[in-house]
Amino acid sequence: MYNKMLGYCSVLELYILVCMKRLEAKEQNSYNFNSVMKAEYKGIHEAYQTSDYYVRNVCLRAFEHLVQRELIGFMDNRGKNQPIEFRAVKLLISSHELYQGLKSYRSCPAILRKLVDQ
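Residues numbered from 1 in each chain as written. Predicted model: local features only at pLDDT ≥ 70, side-chain atom pairs only at ≥ 80, totals over all residues. Heavy atoms only, no water.

Chemist: Help me understand the overall build of the chain in this model?
Modeler: If you tally the helices and strands in the chain, you get six helices and two strands. Starting at the N terminus and ending at the C terminus, the chain contains elements arranged as α-α-α-α-β-β-α-α. Compactness check: the chain gives a C-alpha radius of gyration of 13 Å against a globular reference of 13 Å for 118 residues, within 12% of the reference. Taking the principal axes of the C-alpha coordinates as reference, the chain spans close to 40 × 35 × 25 Å. Looking at the chain as a whole, 46% of its 118 residues qualify as buried. Look at the contacts in the chain between residues 6 or more apart in sequence, and 60% of them connect residues 24 or more apart. Side chains of the chain give 17 positive and 12 negative charges; the mean places of these two sets differ by 2 Å. (Helix = DSSP H or I, 4+ residues; strand = E, 2+ residues; numbered from the N terminus. Rg over C-alpha atoms; globule rule 2.2 N^0.38 Å. Buried < 20%, exposed > 50% of the residue type's maximum accessible area, 1.4 Å probe, protein only. Contact = heavy atoms within 4.5 Å. Lys, Arg positive; Asp, Glu negative; His and termini not counted. Charge placed at Lys NZ, Arg CZ, Asp CG, Glu CD.)

Written out as structure tokens, the structure is:
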């Protein structure tokens, strides 16, 4: 099911999911939009000089889209009044589902497949 849902994700949404998976692999269990963007997304862009770099408000819309599609979710109901970028989130798909989704996504940048393997 998630494999098919990932097929409808934008490249930016895939980057966000991979960034979140990488944070979890580093045993960072609590993160939000801001930490995903600062800790991983920006670092990936700087380390690999990718052309897939988007401004913050575009990234926030993609992040909101992932929440709406239930690929990521809020950790709890506390902070409902907080802006979305400050609320703690978690991946709702497994590493295996993400990997399979990236593999089947035809226009998936090769860097994302490489990053999800690390």
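Chemist: Whenever I open this one, the pattern of salt bridges confuses me. Can you help?
Modeler: Two side chains with opposite charge may pair up if their charged atoms get near one another. Scanning all chains against the criterion turns up four salt bridges. Put simply, R69 and E13 hold a salt bridge, and the shortest N to O gap is 3.5 Å. Within this pair, whereas R69 is found in the loop between helix 4 (56-68) and strand 1 (72-74), its partner E13 is found in helix 2 (residues 11-25), the two being separated by 56 residues in sequence. A residue is classified by how much of its surface remains accessible, and E13, at 5% relative accessible area, is buried. Salt bridges linked by common partners bring R22, K26 and E40 together as one network. (Salt bridge = Lys/Arg side-chain N within 4 Å of Asp/Glu carboxyl O.)

Chemist: What's the story with the nonpolar core in this structure? I'm lost.
Modeler: Note that soluble globular proteins tend to have their nonpolar side chains buried in a common cluster. Among the nonpolar cores identified, the biggest contains 39 residues, and L17 and M20 are the most heavily contacted of them. Among the elements of the structure, helix 1 (2-6), helix 2, helix 3 (33-48), helix 4, strand 2 (89-91), helix 5 (95-104) and helix 6 (110-117) are those that each provide at least two residues to this core. Broken down by element, this core gets its largest block of residues, 10 residues, from helix 2. (Core = buried A, V, L, I, M, F, W, Y, C linked by side-chain atoms within 4.5 Å.)

Chemist: Where do I start with unusual backbone geometry in this structure?
Modeler: Glycine aside, the phi torsion of most residues is negative, and most peptide linkages are trans. The backbone phi angle of E27 is positive, close to 60°, even though this residue is not glycine. Positionally, E27 belongs in the loop between helix 2 and helix 3. Notably, E70 is not glycine yet its phi reads approximately 60°, a positive angle. Within the element layout of this structure, E70 appears in the loop between helix 4 and strand 1.

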